[in-house]
Amino acid sequence: MTIVINILNKTKEIICDIPLQGKISIGRDVTCSYPVDDKSLSKTHCFLEISDKGKILFTDNDSSNGSSLDGSSISNIFLKINDKIKIGNHYLQIDEKQLTSTEKLNIGKSKKPETQLTLPSKEITECKTKHLILSKKITKKS
């Protein structure tokens, strides 16, 4: 099966699917494998390719505005499932729905913080009180 990369617009809607075979280029120049109409992209902004071990290598091509993941500037990284790489006003992500189980294992998932639950303030206060009492019992010496 072919690994597919989605290009998303700034509202994170998928605007293009890229079947990843060999090394591809993305940028605003029409000579790129996948040209994107975005003035904030360099002519050849970045490259994507699959490594021998089935991982997806993202390489920024010394672009003017750079590329980022979670607000941090990046140049060469292996993409993980759930990563959204920002290039210009667009994002790149792996289309997880189209991956085989072997591809998912090879690529791996991004270590994102788990969604936090919001509890009513009464439950939070009770939880903090129980924690303080428990902490005192543990640190108490006999």
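For the structure itself, look to the data block above.
Worth saying up front: this structure is predicted, and the values here are computed from it rather than measured.

S.K.: So, the sheet that holds strand β6 (residues 56–60): which residues are in play, and what are the values?
M.R.: Here five strands make up an open sheet; going across it, the order is β4-β3-β5-β6-β9 and the pairing mixed. Among the strands making up the open sheet, the edge pair consists of β4 (34–35) and β9 (76–79). In terms of strand pairing, β6 meets β9 through four bridges, oriented antiparallel. Looking at the pairing, F58 lines up with I77 of β9.

S.K.: Any chance you could break down the environment of D60 for me, citing the residues and the numbers?
M.R.: For D60, the position within the fold is in strand β6. Once residues lying within four places of it in the same chain are set aside, the contact partners of D60 are H45, C46, G66, S67, I74, S75 and N76. Within the local environment of D60, its side chain forms a polar contact with the backbone nitrogen of D62, the two atoms lying 3.1 Å apart. A distance of 2.5 Å separates polar atoms of two side chains, one belonging to D60 and the other to S67.

S.K.: Quick one: what's the story with unusual backbone geometry, residue by residue and with numbers?
M.R.: A positive phi angle, close to 50°, is found at D62, a residue other than glycine. Considering the arrangement of structural elements, one finds D62 in the loop between β6 and β7 (67–69). The class of D62 is exposed, set by a relative accessible area of 75%. A positive phi angle, near 85°, is found at N82, a position not held by glycine. On the secondary structure map, N82 appears in the loop between β9 and β10 (85–87). The exposure class assigned to N82 is partly exposed, which follows from its relative accessible area of 39%.

S.K.: Can you lay out the side chain of S63 for me, pointing to particular residues and giving the numbers?
M.R.: Among the structural elements, S63 can be located in the loop between β6 and β7. In this structure S63 comes out as buried when scored by relative accessible area, which is 10%. Side chain to side chain, S63 and D60 meet in a polar contact 2.7 Å long. A distance of 3.0 Å separates the side chain of S63 from the backbone nitrogen of G66, its partner in a polar contact.

Conventions and cut-offs
- Residues numbered from 1 in each chain as written.
- Predicted model: local features only at pLDDT ≥ 70, side-chain atom pairs only at ≥ 80, totals over all residues.
- Heavy atoms only, no water.
- Pairing = 2+ DSSP bridges.
- Helix = DSSP H or I, 4+ residues; strand = E, 2+ residues; numbered from the N terminus.
- Contact = heavy atoms within 4.5 Å.
- Polar contact = N/O pair within 3.5 Å; in protein donor to acceptor, adjacent residues only side chain to side chain.
- Buried < 20%, exposed > 50% of the residue type's maximum accessible area, 1.4 Å probe, protein only.

Keep in mind these values describe shape, not function.
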